[in-house]
Amino acid sequence: MSPLNGLKVVELARILAGPWIGQALADLGAEVIKVEAESGDDTRSWGPPFIERNGDRTAAYYYSANRGKSCVTADFRTEEGRKTVLELIRDADILIENFKVGGLAKYGLDYDSLKDSNPRLIYCSVTGFGQDGPYAKRAGYDFLIQGLSGLMSITGEPGQQPQKVGVAVTDVVTGLYGAIGILAAVEQRHRTGKGQHLDMSLLDCATAMLANQAMNFLATGDSPMRQGNDHPNISPYQVLPTADGHIILAVGNNGQFERLCDVIDRPDLLAASDYASNGLRVTNRKTLTHELERSLKRWASADLLAALEEATVPAGPINSIGQAFDDPQIRARGLVIEPEGVKGVRGPWKFSDAELTLDRTAPTLPKDN
């Protein structure tokens, strides 16, 4: 049985953050009913590439965030559309929406309008900036949030243009935090019998995910800067060139550094007082990097990685996405699934006494509007 079997979710969300919550809950076994406008979620047209299926042509982007759901269409502006949605919500456990603040109130679909008729409802609102504060009414987009949160200020090469992360990471992280919050509310409902309103903000989540970089600032008052692939607190923990490409080296302690020096035959680096601890290696990163580059350029990537693995020094290749999906570990873990003939990436959970629900791909848009 799937962990969330029996929970009913109504999703009034589009694009990515809200649908990512719904997809996670669907993978975990909840019944997720996605309500779309008659024209469909915007991401249905965000291609190429497109997936052709049962006479339907929908962008692969949509398929990335809507697996396992069923779909109905409704126009909130009409009485019939509102009745359709209200009937779905009447016995729902969870509602997910990502409309602008106050945007659903005029249709009677906001939390205050629904909580009395369904007091067990857990209502999750996803917005760019949250339900209050000076930016609450602004539209929030992942790219803007990456910039506003400070994330882009620490992503990219020093002296070069700030860079966004290669996926809409603040949407995805908000989706994951949102799913955690919803399940926490479900657990609380077991004790109280009551639902509640969950207010999820992309900016809040992007700020929370700054992790050690946020603490580096809070501890010193100095904003961290872009360091390319260098780690702000560990060295050597970076990309380094080899004779035929690049590898990632992730040395996290003195023992690993000692074994690295053994592999590349550099006892002088191990003996140097400048590199005797991680703190000293961070302080003297520039000279250490120069020395490591001189040594690693004598190695082919595959040979060096094999030698480092044998010595239990953390290191790895820089794969293309195609190479990653061909990696034996990813294949062994069964991350690629093919429900209804459409490939996808399963949710990453593995349980000892439960199964994910992975037999349905994303829904096609109903044609009998």
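Here, every reference points to the structure presented above.
Conventions and cut-offs
- Residues numbered from 1 in each chain as written.
- Predicted model: local features only at pLDDT ≥ 70, side-chain atom pairs only at ≥ 80, totals over all residues.
- Heavy atoms only, no water.
- Helix = DSSP H or I, 4+ residues; strand = E, 2+ residues; numbered from the N terminus.
- Contact = heavy atoms within 4.5 Å.
- Phe/Tyr/Trp six-rings, centres within 6.5 Å; stacked < 30°, edge-to-face > 60°.
- Buried < 20%, exposed > 50% of the residue type's maximum accessible area, 1.4 Å probe, protein only.
- Lys NZ or Arg CZ within 6 Å of the ring centre and 35° of its normal.
- Salt bridge = Lys/Arg side-chain N within 4 Å of Asp/Glu carboxyl O.
- Pairing = 2+ DSSP bridges.
- Axes fitted to C-alpha atoms, helices over the stretch in contact; angles between N-to-C directions.
- Core = buried A, V, L, I, M, F, W, Y, C linked by side-chain atoms within 4.5 Å.
- Expected span 1.5 Å × (residues − 1).

Caption draft 1: The arrangement of the side chain of Thr43 in detail. Here Thr43 shows up in the loop between β2 (31-36) and β3 (50-53). The contacts of Thr43, once residues within four sequence positions are left out, are Ile15, Ala59, Tyr61 and Tyr62.

Caption draft 2: Geometry of the packing of aromatic side chains. The tally for this structure, following the rule as stated, stands at 6 aromatic pairs. Relative to Tyr135, the ring of Phe129 has its centre 5.6 Å away and its plane inclined at 80°; by these criteria the two rings are edge-to-face. Take Tyr135: its relative accessible area is 33%, and that puts it in the partly exposed class. Feature note: the residues Phe76, Phe99 and Tyr107 constitute an aromatic cluster, connected by ring pairs. Over the aromatic face of Phe50 sits the side chain of Arg57, whose NZ or CZ is 3.9 Å from the ring centroid. A cation over a ring is seen here: Arg138 above Tyr135, with NZ or CZ 3.7 Å from the ring centre.

Caption draft 3: Looking closely at the side chain of Ser301. Mapped onto the fold, Ser301 is located in helix α13 (residues 301-310). Note on Ser301: relative accessible area 13%, which makes it buried. Among all residues touching Ser301, those that are not within four sequence positions of it are Thr242, Asp244, Gly245, His246 and Ile247.

Caption draft 4: Fine view of the pattern of salt bridges. Considering all chains together, one arrives at 19 salt bridges under this definition. Arg67 serves as the salt-bridge partner of Asp27, at 2.6 Å between the closest nitrogen and oxygen. Taken together, the residues span a long stretch of sequence, with Asp27 in helix α1 (residues 17-27) and Arg67 in the loop between α2 (60-63) and β5 (70-73) at a distance of 40 residues. When sorted by exposure, Asp27 lands in the same class as Arg67, which is buried. The partner of Glu340 in a salt bridge is Arg53, with the nearest N and O atoms 3.6 Å apart. Taken together, the residues span a long stretch of sequence, with Glu340 in the loop between β12 (336-337) and β13 (344-345) and Arg53 in strand β3 at a distance of 287 residues. One continuous salt-bridge network, built from bridges that share partners, spans Glu11, Lys34, Asp41 and Lys69.

Caption draft 5: Local environment of the sheet that holds strand β11 (residues 315-316). Ordered in space as β9-β10-β11, the 3 strands form an open sheet in which the pairing is antiparallel. Looking at strand neighbours, the two that pair on one side only are β9 (237-241) and β11, the edges of this open sheet. Looking at chain direction, strand β10 (residues 246-250) and β11 are connected through 2 bridges and run antiparallel. When the sheet's bridge partners are listed, Leu249 is paired in β11 with Ala315. Along the sheet, helix α12 (residues 285-296) makes contact with β9 and β10, crossing β9 at roughly 45°.

Caption draft 6: Representation of the nonpolar core within the structure. Ranked by size, the top nonpolar core spans 35 residues in total, and within it Ile21, Leu25, Ile94, Ile96 and Ile182 carry the most contacts. Those elements giving two or more residues to this core turn out to be α1, β6 (94-97), β7 (122-127), α6 (169-192), β8 (196-201) and α7 (202-208). With 6 residues, the top contributor of residues to this core is α6. Leu260, Cys261, Leu288 and Leu308 belong to the second largest nonpolar core, which has 19 residues in total.

Caption draft 7: Molecular detail of α6. End to end, α6 covers 34 Å across 24 residues, agreeing with the expected 34 Å (1.5 Å per residue, within 8%). Gly193 occupies a position one or two residues after α6 and carries a positive phi of about 75°.

Caption draft 8: Structural view of unusual backbone geometry. Here the amide bond leading from Pro48 into Pro49 is cis, since omega sits at 5°, within 30 degrees of zero. Here Pro49 lies in the loop between β2 and β3. The linkage connecting Ser235 with the following residue, Pro236, adopts the cis geometry, with an omega of -5°. Considering the arrangement of structural elements, one finds Pro236 in the loop between α8 (211-220) and β9. At Asn54, a residue that is not glycine, the phi angle is positive and equals roughly 50°. Its identity as a non-glycine residue notwithstanding, Ala211 has a phi of 50°, on the positive side.

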